[in-house]
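Coordinate inspection notes
One letter stands for each residue in the lines below.
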Amino acid sequence: FSRLFHGLTKSRKQMSEGLDEAFGCSEINDEFYDNLEETLVMSDIGIETTETVIENLKILVDDYGITKPSECRKLLADCLKNQMKVGTTDYAFEREKSVVLVIGVNGVGKTTTVGKLAAKLKKQKRRVLVAAADTFRAAATEQLQTWTNRAGVEIVTGQEGSDPAAVVYDAVAAAKARKTDVLLVDTAGRLHNKKNLMQELQKIYRILDKEYAEAHLETLLVLDGTTGQNAISQAKSFQEIADITGIILTKLDGTAKGGIAIAVQSELEIPVKYIGVGEQIDDLQKFDPDVFVDALLD
Ligand code: GDP
């Protein structure tokens, strides 16, 4: 919790300034609700989600006959938590033989995240293999290699410009031979060439289906938490070409708008599985909506 707390310093500061103003109102009136709304929108919780939260809060305030703004703090937290109910979040790849495809556009922190995830799974005594299927950028493989060295896991690479699906094919063969528990696949993310990307992903999915059907399949989308509502539209584009089973939201330590995590899970109805709260190898945390809201509003 303390790491999360620290990672959200900027967001907590902005949130508490806004909330102090709202909760400092003398009574529950339009000004109070306007202040709250502004604070939530400023935190990138998104207009849509914010409006629903405020509506729900108004109902609870009426139901409980609350008259003082300061008594709304816990109710607000409850409303925010309720917005993120997407069922229980499953981490099957921590238990089962799995393939985890990691997708996302360049710069969002994909390589770093694959490295962090590899280290995390390794710590859990899982046998991890990483496939460097982002063959488009020369530096991508090298950078990933640095991370796999750091994490102490093996990597399968291909030539620059080679077919990503071929790398996946080789990696599957290696995973089978080495009795790997989790195969982490770092893929290219050229969303501006959506048709190509879609074909590339479909080819990878076909290979996994044919060669590695026994493995549980997970597709995690990495989004940059500092890009606010852009992250949401990026996710919507990826939703059209992949069956996303979870989201990893990075760089939450670098923004005052950490509310984006609430918007993402609420609007996309895809669980946020991890959040990145720093550049170090252990700065990847499982996302727990309740704990997150408590940290943000603390
Ligand atoms: P990629 O192009 O998507 O593979 O992105 P990289 O993994 O190369 O990351 C881009 C930059 O974001 C690097 O400087 C990382 O150190 C940084 N980064 C990634 N995740 C986080 C995070 O959670 N917090 C912070 N502060 N920086 C991060």
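Described below are features of the structure shown in this document. Everything quoted here is computed from the prediction, not taken from an experiment.

1. What to know about unusual backbone geometry
The backbone of Asp44 sits at a positive phi, close to 70°, despite the residue not being glycine. Positionally, Asp44 belongs in the loop between α3 (30–42) and α4 (47–64). Unlike most non-glycine residues, Lys251 shows phi in positive territory, near 60°. Within the element layout of this structure, Lys251 appears in the loop between β6 (246–250) and α11 (260–268). For Lys251, a relative accessible area of 31% corresponds to the partly exposed category.

2. Some details on the pattern of salt bridges
In this structure the tally under the stated criterion is 21 salt bridges. The residue Arg3 makes a salt bridge to Asp282 at a minimum N-O spacing of 3.4 Å. In this pair, Arg3 sits in helix α1 (residues 2–7) while Asp282 sits in the loop between β7 (272–276) and β8 (284–286), placing the two residues 279 residues apart along the sequence. We classify Asp282 as partly exposed; its relative accessible area is 38%. Among the salt bridges present, the one from Lys74 reaches Asp78, with a minimum N-O distance of 2.9 Å. With Lys74 and Asp78 both in helix α5 (residues 73–82), this residue pair falls four residues apart, about one helical turn. For Lys74, a relative accessible area of 58% puts it in the exposed group. On the basis of relative accessible area, Asp78 is assigned to the partly exposed category, the value being 25%.

3. Brief notes about the site of the ligand
Around the ligand sit 17 residues in total, of which Gly107, Thr111, Thr112, Gln143 and Glu279 are the nearest. The contact in question runs from an oxygen atom of the ligand to an N or O atom on the backbone of Gly278, over 3.2 Å. Taking Glu279, its side chain carries an N or O atom lying 2.6 Å from an oxygen atom of the ligand. Contact with the protein chains covers 80% of the free accessible surface of the ligand, which is 580 Å². Judged by the proximity of its atoms to the pocket grid, the ligand belongs to the largest pocket.

Here is what the cut-offs are and how they apply
Residues numbered from 1 in each chain as written. Predicted model: local features only at pLDDT ≥ 70, side-chain atom pairs only at ≥ 80, totals over all residues. Heavy atoms only, no water. Helix = DSSP H or I, 4+ residues; strand = E, 2+ residues; numbered from the N terminus. Buried < 20%, exposed > 50% of the residue type's maximum accessible area, 1.4 Å probe, protein only. Salt bridge = Lys/Arg side-chain N within 4 Å of Asp/Glu carboxyl O. Near = heavy atom within 4 Å. Polar contact = N/O pair within 3.5 Å; in protein donor to acceptor, adjacent residues only side chain to side chain. Areas by Shrake-Rupley, 256 points an atom, 1.4 Å probe, with all protein chains shown as cover. 1 Å grid on protein atoms, 1.4 Å probe; cavity = no way out; pocket = protein on both sides within 12 Å on 5 of 7 lines; lining within 4 Å. Sits in = over half its atoms within 2 Å of the grid points.

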